[in-house]
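# Summary of the model geometry
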Amino acid sequence: MADSTSDTTSRFGSLKSQIGSDFSSTTTWVLIPVGIGLNAAGGFIANTLKLPLFLDNIGTILLAILVGPWAAALTGGLSNVVSGMIGNPIQMAFVMSPIAMGLVAGFLARRGLFENARKVVIAGVLVGLTSVVFSVPVVVVVFGGVTSAGMSVVTSLFVASGLNIAVSALLSQLIVDIVDKTIMAYAAYLIAEAVPQRYLPMQGQQALS
């Protein structure tokens, strides 16, 4: 029993240390609002053009590459909260999705999935699947299978083919999320690559090396 308690305490201490390391520098706190701004800009472009994409987590993935999973999760969560408060309340229902994507993208970055352009494809697909897991239940249960104008076009095509709304929402979310998150992963990767080496946080140097 004592060994089990000690092991649990050790793991909690390690987790606390990992979280703390993400927020230990001023750079992190400067980058978080930058990430939120990038998320808002991408989402605005997608909504304005009625694209069947979201493009609203480029900043989240960028923070995952440069700083780490916990800062990325905070960036993604805050982005949805801010968006929900200033005119797009639908985003509030999906707040867990960007948090999960930030965590996954950050841990993938630490595993070397943003080292080069080929590996970014894998990272994008995995982040997309994460989004599907957390978004589809909300889309189906809360919104009846339809959320955004662009997304509803894809969903309606599957419904017209004879599939029910739940399956249609799942398939459209799966296709769109994988494409969308791969595009965002590449965008974040290219932005990170453009930052001069001397300005990269330690996590960014390791993730991109």
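What this report covers is the structure whose coordinates are included nearby. (Residues numbered from 1 in each chain as written. Predicted model: local features only at pLDDT ≥ 70, side-chain atom pairs only at ≥ 80, totals over all residues. Heavy atoms only, no water.)

## Considering the nonpolar core
- In this structure, Ile61, Leu63, Ile65, Leu66 and Phe114 are the most contacted members of the largest nonpolar core, which totals 32 residues.
- Elements represented by at least two residues in this core include exactly helix 2 (26–48), helix 3 (58–66), helix 4 (69–85), helix 6 (96–110), helix 7 (117–141), helix 9 (165–194) and helix 10 (202–208).
- If one sorts the elements of this core by residue count, helix 3 sits on top with 7 residues.
- Look past the residues within four positions of Phe114 in its chain and what remains in contact with it is Ile61, Ile65, Ala105, Leu108, Ala109, Val120, Ala123, Ala185, Tyr189, Ala207 and Leu208. (Core = buried A, V, L, I, M, F, W, Y, C linked by side-chain atoms within 4.5 Å. Buried < 20%, exposed > 50% of the residue type's maximum accessible area, 1.4 Å probe, protein only. Helix = DSSP H or I, 4+ residues; strand = E, 2+ residues; numbered from the N terminus. Contact = heavy atoms within 4.5 Å.)

## With respect to the environment of Val120
- Within the secondary structure, Val120 sits in helix 7.
- For Val120, a relative accessible area of 0% corresponds to the buried category.
- Taking C-alpha positions, Val120 is 24 Å from Leu170, a pair spaced 50 residues apart along the chain.
- If we ignore the near neighbours within four places in the chain, the residues touching Val120 are Leu113, Phe114, Ala185, Tyr186 and Tyr189.

## Considerations on a nonpolar patch on the surface
- A contiguous nonpolar patch, built from Val82, Met85, Ile86 and Met92 and spanning about 440 Å² of accessible area, is present on the exposed surface.
- Structurally, Met85 is set in helix 4. (Patch = residues over 30% accessible without salt bridge, like charges linked within 9 Å, V, L, I, M, F, W, Y side chains within 5 Å. Areas by Shrake-Rupley, 256 points an atom, 1.4 Å probe, with all protein chains shown as cover. Salt bridge = Lys/Arg side-chain N within 4 Å of Asp/Glu carboxyl O.)

## A word on the side chain of Asn39
- Structurally, Asn39 can be placed in helix 2.
- According to the relative accessible area criterion, Asn39 is buried, its value standing at 3%.
- Those residues in contact with Asn39 that sit more than four places away from it in its chain are Leu55, Asp56, Asn57, Ile58, Gly59, Thr60, Thr75 and Ser79.

## Remarks on the layout of surface pockets
- Here the largest pocket defines a volume of roughly 700 Å³.
- If you go around the largest pocket, you meet 36 residues; those closest to its centre are Asn47, Asp56, Ser83, Asn88 and Gln91.
- A per-element tally of the lining of the largest pocket places helix 2 first, with 7 residues.
- Per-class residue counts for the lining of the largest pocket are 15 nonpolar, 17 polar and 4 charged. (1 Å grid on protein atoms, 1.4 Å probe; cavity = no way out; pocket = protein on both sides within 12 Å on 5 of 7 lines; lining within 4 Å. Points joined across faces, edges and corners; volume = space filled by probe spheres on them. Nonpolar A, V, L, I, M, F, W, Y, C, P; charged D, E, K, R; others polar.)

## Digging into unusual backbone geometry
- Despite not being glycine, Lys50 has its phi angle at roughly 55°, a positive value.
- Along the chain, Lys50 turns up in the loop between helix 2 and helix 3.
- For Lys50, a relative accessible area of 54% puts it in the exposed group.
- Positive phi, close to 55°, is recorded for Leu55, a residue that is not glycine.
- Within the secondary structure, Leu55 sits in the loop between helix 2 and helix 3.

## Let's talk about the environment of Leu78
- Structurally, Leu78 is set in helix 4.
- Residue class for Leu78 comes out partly exposed when judged on its relative accessible area of 34%.
- In contact with Leu78, not counting residues within four places along its chain, are Ile32 and Ile36.

## Some words on the packing of helix 7 against helix 9
- The N-to-C vectors of helix 7 and helix 9 enclose an angle of 140°; their axes lie 7 Å apart at closest approach. Considering how the two elements wind past one another, helix 7 and helix 9 form a crossing that is right-handed.
- The class makeup of the residues in the contact of helix 7 with helix 9 is 18 nonpolar, 6 polar and 3 charged. (Axes fitted to C-alpha atoms, helices over the stretch in contact; angles between N-to-C directions. Left-handed = near helix turned anticlockwise from the far one by under 90°.)

## Brief notes about the packing of aromatic side chains
- Taken as a whole and assessed by the stated rule, the structure comprises 3 aromatic pairs.
- Seen from their ring centres, Trp70 and Phe107 are 6.1 Å apart, and the 90° between their planes marks the pair as edge-to-face. With Trp70 in helix 4 and Phe107 in helix 6, this pair connects stretches of sequence that are 37 residues apart.
- The class for Phe107 is partly exposed, based on a relative accessible area of 35%.
- Note on Phe94 and Phe143: the rings are 5.7 Å apart at their centroids and 10° apart in plane angle, and the pair reads as stacked. (Phe/Tyr/Trp six-rings, centres within 6.5 Å; stacked < 30°, edge-to-face > 60°.)

Read these as spatial facts, not as claims about activity.
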